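Listed below are the residues making up each chain.
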Amino acid sequence: MSDKKETHPSVDFRQLVYLLRTAELGSITKAAQALNIAQPTLTKAIGLLEHRLGVPLFERLPRGVEPTVFGKRLLEHARLVEVQLEDAIRDLDTLREGGVGKVRIGAGPSWLRRHLPETVAQVTTERPGIDVHVTGGFDQSLLQGLASGDLDFVVAETALAENQDDYSVEVLTEDDLVVWCRENHPLRKASRVSMVDLIEQAWALPPARTFARQKFDAKLLAAGLPQPARVTQSDSLAFILSMVAASDCLTYTGNAALWVPTFATLVPLDIPGIKVTRSAGIITRNRSLPSSATEFVMSMLRDYCRHNPVN
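Keep in mind the model is a prediction, meaning the values are calculated, not measured. (Residues numbered from 1 in each chain as written. Predicted model: local features only at pLDDT ≥ 70, side-chain atom pairs only at ≥ 80, totals over all residues. Heavy atoms only, no water.)

## Observations concerning the layout of surface pockets
Inference 1: Each pocket or cavity is described by its volume, and for the largest pocket that value is around 350 Å³.
Inference 2: Lining the largest pocket are 16 residues, with Glu76, Arg79, Leu80, Ala147 and Asp166 positioned closest to its centre.
Inference 3: Residue assignment for the lining of the largest pocket shows that the elements contributing at least two residues are helix 4 (69-96) and helix 7 (139-148).
Inference 4: Among the residues forming the lining of the largest pocket, the class breakdown is four nonpolar, three polar and nine charged. (1 Å grid on protein atoms, 1.4 Å probe; cavity = no way out; pocket = protein on both sides within 12 Å on 5 of 7 lines; lining within 4 Å. Points joined across faces, edges and corners; volume = space filled by probe spheres on them. Helix = DSSP H or I, 4+ residues; strand = E, 2+ residues; numbered from the N terminus. Nonpolar A, V, L, I, M, F, W, Y, C, P; charged D, E, K, R; others polar.)

What follows is the structure, encoded as structure tokens:
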């Protein structure tokens, strides 16, 4: 057996930056201009990186370059490294400024209405130096912001990240997805409502890419039923609930989403087989170290959810 240690080619951060900018712009010429270096210098740097790694990173095309399968994989790691370095710089800034700093949160619709506003209000009272930025959205758009480093953490349905190796999840709350309607909806007068009765109704629903919609569609599919023919779709939960309150539309959302005075007149329909229990909580990037300000906000949110476990 040989005692010789396996060696790996060295790659510095500057080379990864060159790789990222070239891939983003799809052109060595444009990347060199953006990086403020000469084109031959960038070409040589990429060639040296390819030589060190022993694989081609870009395919040279008539009008630019395109990452190879090796290049795409390295780009995934390079983006993580870039985000982690930005996190480290922000964390040092927070320490230098005495524990204050910016915390960027991505929040699902129900969190925008409950739990998060109360938590942020408490944070700004106890630590007025912490600057909290909250971005609302549905499902995958939140994960994209987290992956790119635009968000420090996300509060949303934890199933969103269960099958993703790049994320960690921490369950804080649970809630039930059920069918909702206005108080005097015709179906409320029926002695019994089944899933079959739902198909002929008008609906206001979130986009197909969202987990609530996917679970709704899956329930119908499992029952051998088609999708409703009349569906109004919106990214805004407030719009959906307002439409249900003003018409005979139905919607499918969590119990907690209705705990707002504006929608107090909406009521659930008791329909066997349609209810789904979902878990929600904090989603963070793996291999990332939250800043002290971010950790403080998350700890306050954990404490609030311990006393309010439904959202």
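## A look at the pattern of salt bridges
Inference 1: Tallied over the entire structure, the rule returns 13 salt bridges.
Inference 2: Between Arg73 and Glu76 there is a salt bridge whose closest N-O contact spans 2.4 Å. One end of the pair, Arg73, and the other, Glu76, are both in helix 4, three residues apart, so they sit about a helical turn from each other.
Inference 3: Among the residues examined, Arg73 registers a relative accessible area of 48% and is labelled partly exposed.
Inference 4: Here Asp303 ties to Arg306 by a salt bridge, and the two come within 3.2 Å at their closest N and O atoms. Taken together, the residues span about one helical turn, with Asp303 and Arg306 both in helix 11 (residues 292-307) at a distance of three residues.
Inference 5: You can call Asp303 partly exposed: its relative accessible area is 32%.
Inference 6: Each member of the salt-bridge network shares a partner with another, and the members are Glu170, Glu295 and Arg302. (Salt bridge = Lys/Arg side-chain N within 4 Å of Asp/Glu carboxyl O. Buried < 20%, exposed > 50% of the residue type's maximum accessible area, 1.4 Å probe, protein only.)

## With respect to the packing of aromatic side chains
Inference 1: Tallying each qualifying case throughout the model produces two aromatic pairs.
Inference 2: With 4.7 Å between their ring centres and 50 degrees between their planes, Trp203 and Phe216 make a pair best called tilted. You can see Trp203 sitting in strand 7 (residues 202-205) and its partner Phe216 sitting in helix 9 (residues 211-222), a full 13 residues away along the chain.
Inference 3: Exposure remark for Trp203: the relative accessible area of 0% places this residue in the buried category.
Inference 4: Take Phe216: its relative accessible area is 0%, and that puts it in the buried class.
Inference 5: An angle of 45 degrees between the planes, with centres 5.3 Å apart, marks the rings of Phe216 and Tyr252 as tilted. Taken together, the positions of Phe216 in helix 9 and Tyr252 in strand 9 (residues 251-254) put the pair 36 residues apart, joining distant regions of the chain.
Inference 6: Here the aromatic cluster, defined as three or more aromatic residues joined through ring pairs, consists of Trp203, Phe216 and Tyr252.
Inference 7: Cation over ring: Arg127 sits above Phe296, and NZ or CZ is 3.9 Å from the ring centre. (Phe/Tyr/Trp six-rings, centres within 6.5 Å; stacked < 30°, edge-to-face > 60°. Lys NZ or Arg CZ within 6 Å of the ring centre and 35° of its normal.)

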